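Each chain is listed here by its residues.
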Amino acid sequence: MSCAIFEGVETSPSQTPPEIPVDVDFAHALGVTDAEGTVHTQGEPDRVRDLASVSKPLTALAVLIAVDRGLVDLDEPAGPEGATVRHLLAHTAGYAFDGDETVGAVGARRIYSNTGFEVLAAHVEEATGFDFPDWLEQTVVAGLDLADLEVTGSPAAGYRGSIRDLLAVGRELLAPALIPEDLWREARTVQFPGLAGILPGYGRQKPNDWGMGVEIRGGKDPHWTGTRSSAETFGHFGQSGSFLWVDPEAGLAAAFLGEERFGPEHVRVWPGLTDAVLERFGSAGGPADAR
C-alpha cells in the first residue's frame, strides 16, 4: 500500500491528516486551497452558513466580469455626485454604513458601507439588463460551478454558502479564469492610496487599504489575518464569523465559517489559525504568480 508523508508522519491514504486546532467552543468549518485544488478541510465543508460581508468579494467579482465584458466601466459615474463604480468598490463614495445618506466627500475617507454595494448592484442591473442575482448566478455561480451559494439576500451581506464554495472563489482569486489577469491585478491593488478609515472590529487604520471589493492587509495592526500573512494578502471577513483570505505570496487561500457571530473569540483565534495554516501548507504552495 502506498503511503504519504504529512508533517513528518507517515500516513496511509485511508487516514485523514490531523485537524488544525481551533480554540473555540462553537461549531465551525475551515478549508484551505491552492490554485490547483483543495488541500485541507475540517468540519463540514458543504454546510451552508451565512457569509455576511464575505458576500462582497462575490458581488465584486460579478461587477468585474461586467467590466471585462464592456458593460460597465470602472470610472463611469455611479452613486452620489462625483462618485464612480471604482469608488463604490473601494468604499470611498461617502455613503454611511447603512442608509442612503452620505457622511463624507467622495474620495476623502475610507467609509465602509453596505449601501455602496447595494447601489453598485443596482447600477450593474441597469447596465446589464439582468437582475443582479441572475447576473451573479450566470457569471460567478455558473463560472465557478458553485454548488451551495444562495444569492437571494443583500449583495453586501446577505448571501449564504459553504466552505467548498468559498474555496472555489479563493482559487479564482489566486489564479483568475473569469476575468483577465490585468483586471485581477488591478482589483487587488490599493485603490485611492493613503486614505484612513475604520476597519470594523479593529478600529481606525491609517492607511486603511482596500482594493476593489477586498480589503488589503498591508501593514495593518491589529488585523484578522496572521503575523505570517504577507502584506499582499487580501480578502474579507463577515459579522457572521466568516472569513476568506487569499495570500498570493504563499499561493494559498483559506475560508472559515462558524455558528457564532463575530466577536472577541474570533479576534483572539483567527490570527493564530491563519499562522497555523501558512506554517503547515505555505511552503508547499508557492507564489500563485509562479504557476
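Given the structure is predicted, the values throughout are model-derived calculations rather than measurements. In every chain, residue numbers begin from 1 and rise along the written sequence. In keeping with the predicted nature of the model, local features appear solely for residues at pLDDT of at least 70, side-chain atom pairs appear and are counted solely at 80 or more, and the whole-chain, interface and lining totals rest on all residues. Values shown for side chains rest on all heavy atoms present in the structure; no hydrogens or waters enter the calculation.

### Some points on the nonpolar core
In this structure, Leu-89, Phe-132, Leu-136 and Leu-149 are the most contacted members of the largest nonpolar core, which totals 57 residues. Helix and strand assignments follow DSSP, with helices taken as H or I runs no shorter than four residues and strands as E runs no shorter than two, numbered in order from the N terminus. If you list the elements that add at least two residues to this core, you get α1 (55-68), α2 (85-89), α3 (114-128), α4 (132-144), α5 (163-174), α6 (181-187), β11 (242-247) and β12 (252-258). No other element matches α1, which puts nine residues into this core. The contacts of Leu-89, once residues within four sequence positions are left out, are Ala-60, Val-63, Leu-74, Phe-117, Leu-120, Gly-211, Met-212 and Gly-213. Val-24, Val-32, Tyr-112 and Val-277 belong to the second-largest nonpolar core, a separate cluster that totals 25 residues. Among the buried residues, those of types Ala, Val, Leu, Ile, Met, Phe, Trp, Tyr and Cys that are joined through side-chain atoms within 4.5 Å form a nonpolar core. Note on exposure labels: buried denotes an accessible area under 20% of the residue type's maximum, exposed denotes more than 50%, and partly exposed covers the range between, all computed with a 1.4 Å probe on protein chains only. Whether two residues touch is decided by their heavy atoms; if any such pair falls within 4.5 Å, the residues are in contact.

### A closer look at the pattern of salt bridges
A pair is scored as a salt bridge if a Lys or Arg side-chain nitrogen falls within 4 Å of a carboxyl oxygen belonging to Asp or Glu. Summed over the entire model, instances satisfying the criterion amount to 12 salt bridges. A salt bridge links Glu-150 to Arg-160; the nearest nitrogen and oxygen atoms lie 3.1 Å apart. On the criterion of sequence distance, the pair formed by Glu-150 in the loop between α4 and β6 (160-161) and Arg-160 in strand β6 is long-range, its members being 10 residues apart. Judged by its relative accessible area of 29%, Arg-160 falls in the partly exposed class. Its salt-bridge partner being Arg-185, residue Glu-181 comes within 2.8 Å of it at the nearest N-O pair. Placement of both Glu-181 and Arg-185 in helix α6 is noted, with a separation of four residues, approximately one turn of the helix. Glu-181 gets classed as partly exposed once you look at its relative accessible area, which sits at 45%. Judged by relative accessible area, Arg-185 falls into the partly exposed class, the value being 31%. Beyond isolated ion pairs, a larger network of salt bridges with shared partners links Glu-44, Arg-47, Arg-49 and Glu-259.

### Here's the deal with a negative patch on the surface
Patches here: salt-bridge-free residues with over 30% relative accessible area, like charges joined within 9 Å, nonpolar side chains (Val, Leu, Ile, Met, Phe, Trp, Tyr) joined within 5 Å. For every accessible area listed, the method is Shrake-Rupley and the probe measures 1.4 Å; residues are considered covered only by the protein chains on display. We count Lys and Arg on the positive side and Asp and Glu on the negative side, and we leave His and both chain ends out. In plain terms, the charge of a residue is placed at NZ if it is Lys, CZ if Arg, CG if Asp and CD if Glu. Where like charges cluster on the molecular surface, the negative patch consists of Asp-98, Asp-100, Glu-101 and Glu-118. Note that Glu-118 resides in helix α3. A relative accessible area of 34% places Glu-118 in the partly exposed class.

### Looking at the pairing of strand β4 (residues 38-42)
Pairing of strand β3 (residues 28-33) with β4, which is carried by four bridges, proceeds in the antiparallel orientation. By the bridge assignment, Leu-30 is partnered in β4 with Gln-42. What sits between β3 and β4 in their antiparallel hairpin is a turn of four residues. DSSP bridges decide pairing: two strands pair if at least two such bridges lie between them.

### What about the confidence of the model for the chain?
When pLDDT is averaged along the chain, the result is 93, and 91% of the positions lie at 70 or above. Note on scores: pLDDT gives the predictor's confidence for each residue, bounded by 0 and 100. In the predicted structure, residues 1-14 sits below a pLDDT of 50 and forms 16 contacts with residues beyond four places in sequence or in another chain. Predicted confidence is poor over residues 284-291, with pLDDT under 50, and the contacts of this stretch with residues over four places away or in other chains come to 21 contacts.

### Some words on the pairing of β3
For β3, the buried fraction is high: six of the six residues fall into the buried class. Neither face of β3 is open: one carries His-28, Leu-30 and Val-32, the other Ala-29, Gly-31 and Thr-33, and all of them are buried. Alignment of β3 against β12, held across six bridges, turns out to be antiparallel. Among the inter-strand pairings, Leu-30 is bridged to a residue of β12, identified as Phe-256.

### Describing the packing of aromatic side chains
Between two aromatic rings, the relevant description is the distance of the centres plus the angle of the planes. Only rings of Phe, Tyr and Trp enter the pairing, Trp through its six-membered ring, and a pair is recorded when the two centres are within 6.5 Å. The plane angle decides the type: under 30 degrees is stacked, over 60 is edge-to-face, the rest tilted. Scanning all chains against the criterion turns up 14 aromatic pairs. Taking the centre distance of 6.5 Å and the plane angle of 70 degrees together, the rings of Trp-224 and Trp-270 count as edge-to-face. Linking Trp-224 in the loop between β9 (215-216) and β10 (234-238) with Trp-270 in helix α7 (residues 264-285), this pair joins segments that are 46 residues apart in sequence. Note on Trp-270: relative accessible area 0%, which makes it buried. With a centroid separation of 5.6 Å and an interplanar angle of 25 degrees, the aromatic rings of Phe-243 and Phe-256 are classed as stacked. Separated by 13 residues along the polypeptide, Phe-243 in strand β11 and Phe-256 in strand β12 bring together distant segments of the chain. With a relative accessible area of 1%, Phe-256 lands in the buried category.

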